[in-house]
Amino acid sequence: MRIPSVNGHIHSVSTDVLIIGTGPAGASLACFLASYGIRGIMVSASPTNADTPRAHITNMAAMECLRDIGLEKECNHLASNGSNMMHTRWAYSMAGEEYARIHSWGHDPKRKGDYETASPCDSVDLPQTLLEPTLVRYATLNGFTCRFDTTFIEFTEDETGVTTTLQDNLSGAQYKIHSKYLFGADGARSEVLQQLDLPLDIRPDQGTAFNVHIKADLSQYMQYRTGNLHWLLQPDRAHPVFGWACIARMVKPWDEWLFIVLPDRQAELVTKPTDEEWLNRVKEFLGDDSIPVELLGVSKWRINEVVAKTYSKGKIFCLGDAVHRHPPSNGLGSNTCIQDAYNLAWKVAYVVKGQASPSLLDTYSIERQPVGHSVVTRANQSFRHHGPVWQALGVDLPTIGQRKEALHELTLPTREGRARREALQAAIEETTHEYHALGEEMGQHYESSAVYSADEKMSFREEHPTDNAVLTLTRSTYPGCRLPHVWLNNAVPIERISTIDLAGKGAFTILTGIGGEGWKTAAADVAQSLNITVNTYSIGFRQDYEDVYFDWARIRNVDETGCVLVRPDRVVAWRCPEILSDAECRMKLRAVLLSVLGRKY
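Residues numbered from 1 in each chain as written. Predicted model: local features only at pLDDT ≥ 70, side-chain atom pairs only at ≥ 80, totals over all residues. Heavy atoms only, no water.

## Quick look at the overall build of the protein
So, point 1. Helix and strand counts for the protein come out as 19 helices and 26 strands.
So, point 2. Dimensions of the protein, computed from C-alpha atoms along their principal axes, come out at roughly 80 × 70 × 40 Å.
So, point 3. When each of the 601 residues of the protein is scored for burial, the buried share is 57%.
So, point 4. Contacts spanning at least 24 positions in sequence make up 74% of the contacts within the protein whose residues lie at least 6 apart. (Helix = DSSP H or I, 4+ residues; strand = E, 2+ residues; numbered from the N terminus. Buried < 20%, exposed > 50% of the residue type's maximum accessible area, 1.4 Å probe, protein only. Contact = heavy atoms within 4.5 Å.)

Listed below in structure tokens is the structure:
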């Protein structure tokens, strides 16, 4: 790709795909597409990657996506040690008294088994400032071109593709890129989404917040306060309008922090705080005046509740914050961005290579929009769940006198004191829906034409009823579910392998067992006729892989002779309860794959 000239002439270049945005959504999409051999260009209006550590929790679902292209180890190396994520706390200050704490992100002794059986990956704390360069580097080393400091101007679409006008901010020159598809991953103020005019479901936001990025060495305090999130609430003292409460978030243990500061919800902020005012308030939240503090930056944002009603139109697709905007509660932001991209990439790659009908791309919005809606709802509800905590501590009362009285009441052996303590306990326990929301993080179930469920006797919810889909992960081979993780090995044990590592890597996968050899033969024949790759593995006693703990036998939901067909994004596409005749295996598997790929023959 040439740098555009400045003589007024608009150059034009062509590529398969153009991605607007190099954040977690755009850069991960480029990575996943590159893993399929798709070449393209990604651009960003910013001069560099994220300069503030906005997103930071990378959950197991997102790590599985990155694991598929070999980036898990690098992300683990860059991330903070998982033990630093052990707690979320509520305290007076970082150095001061504590009100309550809760285990988080899989560290609750009662929930560890749920997390360990859910995935071969661990959740990590990886700030966006480290994640983005990792993704961009992978993409550019594998066939993508990246242009920073480049502004999206407009696009036009015709039957041949999309022509996008961009402006190089250094020279001021404009140029055009023609691509088969255009992807808007340009964040919460997405210009692509605005021009595409996708309808939005917009709920009233929950106000303003500030990200105050600081350097402050708190290592002397953190031995007994281990955790990456600390709610700081000071009900018994006066506070500036801009600094009512704070969430101190670890960026780097234990000397770099992001203080998410909430303004007074009962007063209007009319002036912009000075750096000195921010430093003074941060020191109050620290609770130790002797600690040197360096202010690195302050940014302002809205606590949004917005989701697009559809994610695509024609040959233009939007993903990430462009289509779902919410507070950072539950740590779902960049994770949902990465999973949007993972869902979309295999479909785009198969269509570009002629292996699937363009109708397959329609399933992207059908599958991911309900997930985005759920994530936006969950994150905002989690933020609202902190209201009862504030009420129990008295921090939402209008006067200092009332707040002091409420705080003191927590210590009293009275009916009122008992009631307030019980209210605090109940409110803290409710936050498990934020800090241990395993079902919300990993329990997505897709329903679309890219999933073949016509052979199922019951609906997904009939087969798997659950009282709390937010906290509880349903591990199932029901079509549309994430392939369950189970550890496998060989008859002569070597390094163990997860079922999810048998799937993915750009191919369809069939998992069968003893007596299911007919599926392997059928898969080879059908794959060749459809010009796709279908990997096949037999799991069981003295098979390709040994089910050493018998976990696969418990969860596969089909007979040993049956099969589970998995899409390239590790979602179950179809399952058959038992072996069919050789001819029936070939006919059925071919029909299912044609249906999933949207092909007629």
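## With respect to the domain arrangement of the protein
Accessible area lost during the coming together of the parts is what is often quoted as the interface size.
So, point 1. Parsing the protein into structural domains produces domain 1 (12-81 + 121-200 + 307-369), domain 2 (202-304), domain 3 (379-435) and domain 4 (445-597).
So, point 2. For domain 1 and domain 3, the distance between their C-alpha centroids amounts to 41 Å.
So, point 3. Listed as interface residues are 4 residues of domain 1 and, on the opposing side, 6 residues of domain 3.
So, point 4. When domain 1 packs against domain 3, close to 460 Å² is buried across both sides, 49% of that on carbon and sulfur atoms.
So, point 5. Broken down residue by residue, the surface that domain 1 buries against domain 3 is led by Pro 327, Ser 329 and Asn 330, which jointly contribute 86%.
So, point 6. Taken together, the links from domain 1 to domain 3 amount to 0 salt bridges.
So, point 7. Counting the contacts that link domain 1 with domain 3 gives 4 residue pairs in polar contact (both at pLDDT 80 or more).
So, point 8. For the side of domain 1 that touches domain 3, the class distribution of residues is 1 nonpolar, 3 polar and no charged. (Domains from an automatic or database assignment. Buried area = accessible area lost by both parts, 1.4 Å probe. Salt bridge = Lys/Arg side-chain N within 4 Å of Asp/Glu carboxyl O. Polar contact = N/O pair within 3.5 Å; in protein donor to acceptor, adjacent residues only side chain to side chain. Nonpolar A, V, L, I, M, F, W, Y, C, P; charged D, E, K, R; others polar.)

## Quick look at the nonpolar core
So, point 1. Phe 183 and Phe 508 are the most contacted members of the largest nonpolar core, which totals 99 residues.
So, point 2. With 12 residues, the single largest contributor to this core is helix α8 (residues 333-352).
So, point 3. Mapped onto the domain boundaries, this core takes at least three residues apiece from domain 1 (12-81 + 121-200 + 307-369) and domain 4 (445-597).
So, point 4. By size, the runner-up hydrophobic cluster in this structure holds 32 residues, among which are Tyr 99, Trp 105, Leu 233 and Ala 427. (Core = buried A, V, L, I, M, F, W, Y, C linked by side-chain atoms within 4.5 Å.)

## Focus on the sheet that holds strand β14 (residues 245-252)
So, point 1. Spatially, 7 strands are ordered β5-β4-β13-β14-β15-β12-β16 in an open sheet, and the strand pairing comes out mixed. At either margin of the open sheet sits one strand with a lone partner, and together these are β5 (98-103) and β16 (294-302). Here the strands of the sheet are splayed against their neighbours by 20 degrees on average, with no regard to which way each runs. (Pairing = 2+ DSSP bridges. Axes fitted to C-alpha atoms, helices over the stretch in contact; angles between N-to-C directions.)

## A closer look at helix α19 (residues 582-597)
So, point 1. Here α19 is 16 residues long and its end C-alpha atoms lie 23 Å apart, about the 22 Å a rise of 1.5 Å per residue gives.
So, point 2. Restricting attention to buried positions, one finds in α19 the residues Cys 585, Leu 589, Val 592, Leu 593, Leu 594, Val 596 and Leu 597.
So, point 3. The elements touched by buried residues of α19 are α8, β23 (508-512), α17 (517-530), β24 (534-538), β25 (563-566) and β26 (572-576).
So, point 4. The positive-phi residue at the C-terminal boundary of α19 is Gly 598, with phi of around 70 degrees. (Expected span 1.5 Å × (residues − 1).)

## A look at the side chain of Ser 123
So, point 1. On the secondary structure map, Ser 123 appears in the loop between α4 (112-118) and β6 (124-125).
So, point 2. In this structure Ser 123 comes out as buried when scored by relative accessible area, which is 12%.

## Looking at the packing of aromatic side chains
So, point 1. The tally for this structure, following the rule as stated, stands at 21 aromatic pairs.
So, point 2. With a centroid separation of 5.8 Å and an interplanar angle of 90 degrees, the aromatic rings of Trp 346 and Phe 508 are classed as edge-to-face. Here the residue Trp 346 occupies a position in helix α8, and Phe 508 occupies one in strand β23, the gap between them amounting to 162 residues.
So, point 3. In this structure Trp 346 comes out as buried when scored by relative accessible area, which is 0%. (Phe/Tyr/Trp six-rings, centres within 6.5 Å; stacked < 30°, edge-to-face > 60°.)

## A word on the pairing of strand β10 (residues 174-184)
So, point 1. Where strand β1 (residues 11-20) meets β10, 9 bridges bridge the pair, whose relative direction is parallel. Bridge pairing in β10 places Ser 14 opposite His 178.
So, point 2. Bridge count for strand β9 (residues 161-168) against β10 is 6 bridges, and the pairing is antiparallel. In the sheet register, Gln 167 faces β10, and the bridge partner there is Gln 174.
So, point 3. In sequence, β9 turns back onto β10 through a hairpin of 5 residues, with Gly 172 there showing a positive phi of about 85 degrees.

## So, the state of the cysteines
What makes a disulfide is a covalent bond joining the sulfur atoms belonging to two cysteines.
So, point 1. Counted according to the given criterion, the structure contains 0 disulfides.
So, point 2. Of the cysteine sulfurs around Cys 75, a residue in no disulfide, the closest is that of Cys 31, at 9.2 Å.
So, point 3. Note on Cys 75: relative accessible area 0%, which makes it buried. (Disulfide = S-S within 2.5 Å.)

## Considerations on the UniProt feature "domain: FAD-binding" (unreviewed entry) in the protein
So, point 1. Feature annotation in UniProt places "domain: FAD-binding" (unreviewed entry) on residues 15-379, given in this structure's numbering.
So, point 2. When the span residues 15-379 is considered, its composition is 29% helix and 29% strand, and the gap between its end C-alpha atoms is 37 Å. (UniProt positions renumbered as here; feature names shortened; annotations may be inferred.)

## Some thoughts on the confidence of the model for the protein
So, point 1. With 98% of its residues at a pLDDT of 70 or more, the protein has an overall mean of 95.
So, point 2. The model gives residues 1-6 a pLDDT under 50, and that stretch makes 18 contacts with residues more than four places away or in other chains. (pLDDT = per-residue confidence, 0-100.)

## Notes on the packing of α17 against α19
So, point 1. The contact between α17 and α19 brings their axes to 9 Å, and the two run at 45 degrees. Taken together, the axis directions place α17 and α19 in an arrangement best described as oblique. Considering only the axes of α17 and α19, their crossing is right-handed. Residues Gly 518, Trp 519, Ala 522, Ala 523, Asp 525, Val 526, Ser 529 and Leu 530 of α17 touch α19, and the partners they reach there are Asp 582, Cys 585, Arg 586, Leu 589, Arg 590, Leu 593 and Leu 594.
So, point 2. Here the contact of α17 with α19 is composed, by residue class, of 9 nonpolar, 2 polar and 4 charged. (Parallel < 35°, antiparallel > 145°, perpendicular 65-115°, else oblique. Left-handed = near helix turned anticlockwise from the far one by under 90°.)

## Description of the sheet that holds β25
Two pairing modes exist for strands in a sheet, parallel and antiparallel, and in both the strands are linked by backbone hydrogen bonds.
So, point 1. Read from one edge to the other, the open sheet built from 4 strands follows the order β24-β23-β25-β26, with strand pairing classed as mixed. The two strands at the open ends of the sheet, each matched to only one other strand, are β24 and β26. Each adjacent strand pair in this sheet contributes to an overall mean axis angle of 15 degrees, direction not counted.
So, point 2. Here β23 pairs with β25 via 3 bridges, running antiparallel. By the bridge assignment for β25, Leu 511 is matched with Val 564.

## A word on the environment of Val 558
So, point 1. Within the secondary structure, Val 558 is located in the loop between α18 (551-555) and β25.
So, point 2. Taking relative accessible area as the criterion, Val 558 reaches 12% and is therefore assigned buried.
So, point 3. Sequence separation between Val 558 and Pro 577 is 19 residues, and the spatial gap between their C-alpha atoms is 4.4 Å.
So, point 4. With residues up to four places along the chain from it excluded, the contact list for Val 558 reads Cys 563, Val 564, Arg 575, Cys 576 and Pro 577.

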